[in-house]
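Residue strings, one per chain:
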Amino acid sequence: MMRLCAVMVLSLLGSLISVHAAPAPHPHWSVGFHRMTFLDPLDLQPMKAVAFYPSTGLEHTTQLGAYHVAATEDSKIAIGRFPMLMLSHGNTGTPLALHDLATSLARKGFVVVAVLHPGDNYKDHSRLGTVSNLYGRPIQISEAITATLGDPMLSPFVNVDQVGVIGYSAGGETALILAGAKPDFDRLRRYCQERPEDRDACTTKGELVVDRDDLQPQSDPRIHALMLMAPLSLMFGRHTLADVHVPVLLYSGDGDKLVAVDKNAAALARKLPEPPDFKLLAGAGHFVFMAPCDSDQLAAMPAICTDADGVDREGIHRDLISEAGRFFSHTLGQSTRAGMQTADQ
């Protein structure tokens, strides 16, 4: 469906080069990151994720592909059991496009697991527009939760009772399915009849490719809160959202030209059984939720990095990060030190 080409020129897990040390803005924690590989439940091929976590080590800025990320690979993890947040990116995207949100939440005491969806990322579009992608993405997130709980480095420091999901664009659709929503294909067909000019959602005239007939929408009872940014949610009506009973923090920009606000975020806000905390950003476009760009990224991707006049992406991210920390601390609870003695690494 949504062909977001925002990050096709960026490398996700390419060469990692620590470039300089930086003071940690948190009085206690810096940020570490840990690369994970586990099997895609759809075809048992390897898939990847990067987990960001609170660290007591010296913080460095590390270059991951084209992103300068404020985290150090496999640095000493802080003592405690931390809430876990799963991050699902948009179609043809990368979770590193939201690296500032991930690292800032890690500094606040969360483990943030950024999943690269096989078949629907910046360098692999093979499942785009298919049923296996729609239903497979949530299953991949569930598998990433299980993999994190079994990871020798991370498992002693995460709390299985404190799991949330962050979903951006198509990742919002993924998050909603995990919370119990069920897509209605007729809604997509009707939308594409009404708005055939939507070249992203309607490239196949509202018909998904049925490449798998053995998959169904699968929720995950381990998930207790959602943060959605510019969510692709037009396939959900009031009755197909009836089983979604987790708290939702919902963001959208009223200048979004890719994911129509009236048929997605605004409609979702009206139809969820429990009203979300809905924040509509004046003038903001679809890409405002990606991390603010540096000069190289601005030169390479001006359409992605340039916001409308009067839109302050850096200010939006400061507020968004603060609200995300508040929301997840309130809905999931904060970290604990129960049973933790040492973190020998």
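This one's a predicted model, so the numbers in the text were calculated from it and none came from an experiment. (Residues numbered from 1 in each chain as written. Predicted model: local features only at pLDDT ≥ 70, side-chain atom pairs only at ≥ 80, totals over all residues. Heavy atoms only, no water.)

Things to note about the overall build of the protein chain
Each helix and strand in the protein chain was counted, giving 8 helices and 12 strands. Looking at the protein chain as a whole, 59% of its 345 residues qualify as buried. Partitioning the contacts of the protein chain with sequence separation of at least 6, the portion at a separation of at least 24 is 78%. (Helix = DSSP H or I, 4+ residues; strand = E, 2+ residues; numbered from the N terminus. Buried < 20%, exposed > 50% of the residue type's maximum accessible area, 1.4 Å probe, protein only. Contact = heavy atoms within 4.5 Å.)

Let's talk about the state of the cysteines
Following the criterion strictly, the structure yields 2 disulfides and no others. Two residues, Cys192 and Cys202, share a disulfide whose sulfurs are 2.1 Å apart. Here Cys192 and Cys202 share a disulfide; its torsion about the S-S bond, -85°, makes the bridge left-handed. A residue pair is termed long-range when its members are at least 10 positions apart, and Cys192 in helix α4 (residues 185-194) and Cys202 in the loop between α4 and β10 (223-229) qualify at 10 residues. For the residue pair Cys192 and Cys202, the accessibility class agrees, reading buried in each case. The residue that forms a disulfide with Cys293 is Cys305, at a sulfur-sulfur distance of 2.1 Å. Between Cys293 and Cys305, the disulfide has an S-S torsion of -80° and is therefore left-handed. Here the residue Cys293 occupies a position in the loop between β12 (277-281) and α6 (295-300), and Cys305 occupies one in helix α7 (residues 302-305), the gap between them amounting to 12 residues. Assigning the bonded cysteines of the protein chain consecutive numbers by sequence position, one obtains the connectivity 1-2, 3-4. (Disulfide = S-S within 2.5 Å.)

Side note on the pattern of salt bridges
Here the structure, examined in full by the defined rule, presents 17 salt bridges. Between Arg137 and Asp120 there is a salt bridge; the shortest N-O distance is 3.0 Å. Residue Arg137 is located in helix α2 (residues 131-150), and its partner Asp120 is located in the loop between β8 (111-116) and α2; the two are separated by 17 residues in the primary sequence. For Arg137, a relative accessible area of 2% puts it in the buried group. Lys279 is the salt-bridge partner of Glu323, the closest N and O atoms lying 3.7 Å from each other. Separated by 44 residues along the polypeptide, Glu323 in helix α8 (residues 313-332) and Lys279 in strand β12 bring together distant segments of the chain. On the accessibility criterion, Lys279 (23% relative accessible area) is partly exposed. Look at the salt bridges and you will find they share partners, linking Asp277, Lys279, Glu323 and Arg326 into a network. (Salt bridge = Lys/Arg side-chain N within 4 Å of Asp/Glu carboxyl O.)

With respect to the pairing of strand β3 (residues 46-55)
In terms of burial, β3 is largely enclosed, as 8 of its 10 residues are buried. Where strand β2 (residues 30-39) and β3 come together, 10 bridges link them in antiparallel fashion. When the sheet's bridge partners are listed, Gly32 is paired in β3 with Tyr53. Linking two consecutive strands that pair antiparallel, namely β2 and β3, is a turn of 6 residues; a positive phi of about 60° is found at Leu44 within it. The pairing of β3 with β8 spans 5 bridges and is classified as antiparallel. The residue bridging Ala49 from the neighbouring strand is Val115, located in β8. (Pairing = 2+ DSSP bridges.)

Focus on the sheet that holds β3
With respect to topology, 9 strands assemble into an open sheet ordered β6-β2-β3-β8-β7-β9-β10-β11-β12, the strand pairing being mixed. The two strands at the open ends of the sheet, each matched to only one other strand, are β6 (72-73) and β12. Bridge analysis of β2 against β6 gives 2 bridges, and the strand direction is parallel. Bridge assignment links Phe33 to a residue of β6, and that residue is Glu73. The strands touched by α2 within the sheet are β2, β3, β7 (82-88), β8, β9 (158-168) and β10, with β7 carrying the most contacts at an inclination of about 150°. Across the sheet, α8 is in contact with β7, β9, β10, β11 (248-253) and β12; its angle to β10 comes to roughly 165°. (Axes fitted to C-alpha atoms, helices over the stretch in contact; angles between N-to-C directions.)

As for α8
If you check α8, its first and last C-alpha atoms are 27 Å apart, about what 20 residues at 1.5 Å a residue would give, namely 28 Å. Among all positions of α8, only Arg313, Gly315, Ile316, His317, Leu320, Ile321, Ala324, Gly325, Phe327, Phe328 and Leu332 are buried. Where α8 starts, the residue carrying a side-chain oxygen 3.3 Å from the main-chain nitrogen of Glu314 turns out to be Asp312. Of the residues flanking the end of α8, it is Gly333, one or two places downstream, whose phi is positive at about 95°. (Expected span 1.5 Å × (residues − 1). Polar contact = N/O pair within 3.5 Å; in protein donor to acceptor, adjacent residues only side chain to side chain.)

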